[in-house]
Amino acid sequence: MIALGAVAACSTRPSYPPAPQAVDAPSLRYKIGPLDTLNVVVWRNPELSATITVRPDGMISMPLVEDMQAAGRNPADLSRDVERALGKYIREPVVSIVVSTFQGVYSDQIRIVGEAAKTQAVPYRQNMTMLDVMIQVGGLTDFADGNGAILIRGAEGGKQYSIRLKDLLRRGDISANVAMMPGDVIIVPQSWF
């Protein structure tokens, strides 16, 4: 009798509302993040062009430009600042910055922890869904309680939603697919049985 009560207590989990299928995500311009790789092209000045990795402190350095803040900024605005800095040395510089490998700013990344095949932070992309995230992390482990997973929505002050990963991934129930937002956290618990 006591063992039955213990099993019942272990099997109950908090009840959260289901995650919304669609969200009103604002159209976001990409923000450069630490460890992004930038291709900086200075028109008619190939000696000043460079491929740069944003340092962990969010700064970049390139020929004639030292310690400029890059993280948290969009590439177009950063291009204009590099043009102003180079304008001290060359006449009318034209700079283009292209992000070639991206991580994004930490606050916009989607984190998945627990019984995912690869727990990691995933850069947010416009119109990203739960299925996109799960493909990137390689799905669930054999021990995952996919339908017991929780979505914590940072944009809504940490509001928690239940999500049905097992239905989505193992049963192909596309109605379990939900839209993601920057800063979401997905927690996949371990199954007891």
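Worth saying up front: this structure is predicted, and the values here are computed from it rather than measured.

## Regarding the overall build of the protein chain
In step 1: On a plain count of helices and strands, the protein chain comes out with four helices and ten strands.
In step 2: Along the protein chain, helices and strands appear, N-terminal first, in the series α-β-β-β-β-α-β-β-β-α-β-β-α-β.
In step 3: Taken over C-alpha atoms, the radius of gyration comes to 22 Å for the protein chain, far larger than the 16 Å a tight globule of 193 residues would show.
In step 4: Principal-axis analysis of the C-alpha atoms places the extent of the protein chain at approximately 85 × 30 × 30 Å.
In step 5: Counting the 193 residues in the protein chain, one finds 40% classified as buried.
In step 6: When contacts within the protein chain are restricted to residue pairs at least 6 apart in sequence, those whose partners lie at least 24 apart make up 55%.
In step 7: About 10,900 Å² of surface is accessible on the protein chain, with carbon and sulfur atoms providing 57% of the total.

## Some points on the sheet that holds strand 5 (residues 95-101)
In step 1: Read across the open sheet, the three strands follow the order 2-1-5; overall the sheet is antiparallel. For this open sheet the edge positions go to strand 2 (50-53) and strand 5, each flanked by a neighbour on one side alone. This sheet shows a mean twist of 25° between the axes of neighbouring strands, independent of strand direction.
In step 2: Pairing geometry for strand 1 (residues 37-42) and strand 2, over four bridges, is antiparallel. Bridge pairing in strand 2 places asparagine 39 opposite threonine 51.
In step 3: The strands that helix 2 (residues 75-86) touches are strand 1 and strand 5; relative to strand 5, the one it contacts most, it runs at about 135°.

## Regarding the nonpolar core
A general tendency of soluble globular proteins is for nonpolar side chains to be buried together.
In step 1: Among the nonpolar cores identified, the biggest contains 24 residues, and Met130, Ile163, Leu165, Met180, Ile186 and Val188 are the most heavily contacted of them.
In step 2: Examining the composition of this core, we find that four residues originate from one element, helix 3 (residues 130-137), more than from any other.
In step 3: Discounting residues that sit within four places of it in the chain, valine 188 has contacts with Ile112, Val113, Gly114, Glu115, Leu140, Ala144, Asp145, Ala149 and Leu165.
In step 4: Counting 19 residues, the second-largest nonpolar core is a separate cluster that includes Ile32, Ala70, Ala85 and Val95.

## Some points on the pattern of salt bridges
In step 1: Enumeration according to the criterion identifies nine salt bridges in this entry.
In step 2: For aspartate 57, the salt bridge identified is with arginine 55, shortest N-O distance 3.2 Å.
In step 3: On the basis of relative accessibility, which here comes to 29%, the residue arginine 55 falls in the partly exposed class.
In step 4: With a closest N to O distance of 2.7 Å, arginine 153 and aspartate 184 form a salt bridge. Taken together, the residues span a long stretch of sequence, with arginine 153 in strand 8 (residues 149-153) and aspartate 184 in the loop between helix 4 (165-169) and strand 10 (185-188) at a distance of 31 residues.
In step 5: Using a relative accessible area of 0% as the deciding quantity, one classes arginine 153 as buried.
In step 6: For aspartate 184, a relative accessible area of 0% translates into the label buried.
In step 7: Taken together, the shared-partner salt bridges in this structure form one network comprising Arg164, Asp167, Arg171 and Asp173.

## With respect to helix 3
Each turn of an α-helix holds 3.6 residues, which means side chains three or four residues apart point in the same direction.
In step 1: All buried positions along helix 3 are accounted for by Met130, Val133, Met134 and Val137. Taken around the axis of helix 3, the buried residues stretch over an arc of 95°, which confines them to a single face.
In step 2: Taken together, the buried residues of helix 3 touch strand 6 (110-114), strand 7 (120-122), strand 9 (159-163), helix 4 and strand 10.
In step 3: Downstream of helix 3 by one or two residues, glycine 138 has phi in the positive range, about 85°.

Conventions and cut-offs
Residues numbered from 1 in each chain as written. Predicted model: local features only at pLDDT ≥ 70, side-chain atom pairs only at ≥ 80, totals over all residues. Heavy atoms only, no water. Helix = DSSP H or I, 4+ residues; strand = E, 2+ residues; numbered from the N terminus. Rg over C-alpha atoms; globule rule 2.2 N^0.38 Å. Buried < 20%, exposed > 50% of the residue type's maximum accessible area, 1.4 Å probe, protein only. Contact = heavy atoms within 4.5 Å. Areas by Shrake-Rupley, 256 points an atom, 1.4 Å probe, with all protein chains shown as cover. Pairing = 2+ DSSP bridges. Axes fitted to C-alpha atoms, helices over the stretch in contact; angles between N-to-C directions. Core = buried A, V, L, I, M, F, W, Y, C linked by side-chain atoms within 4.5 Å. Salt bridge = Lys/Arg side-chain N within 4 Å of Asp/Glu carboxyl O. Arc of directions from axis to C-beta.

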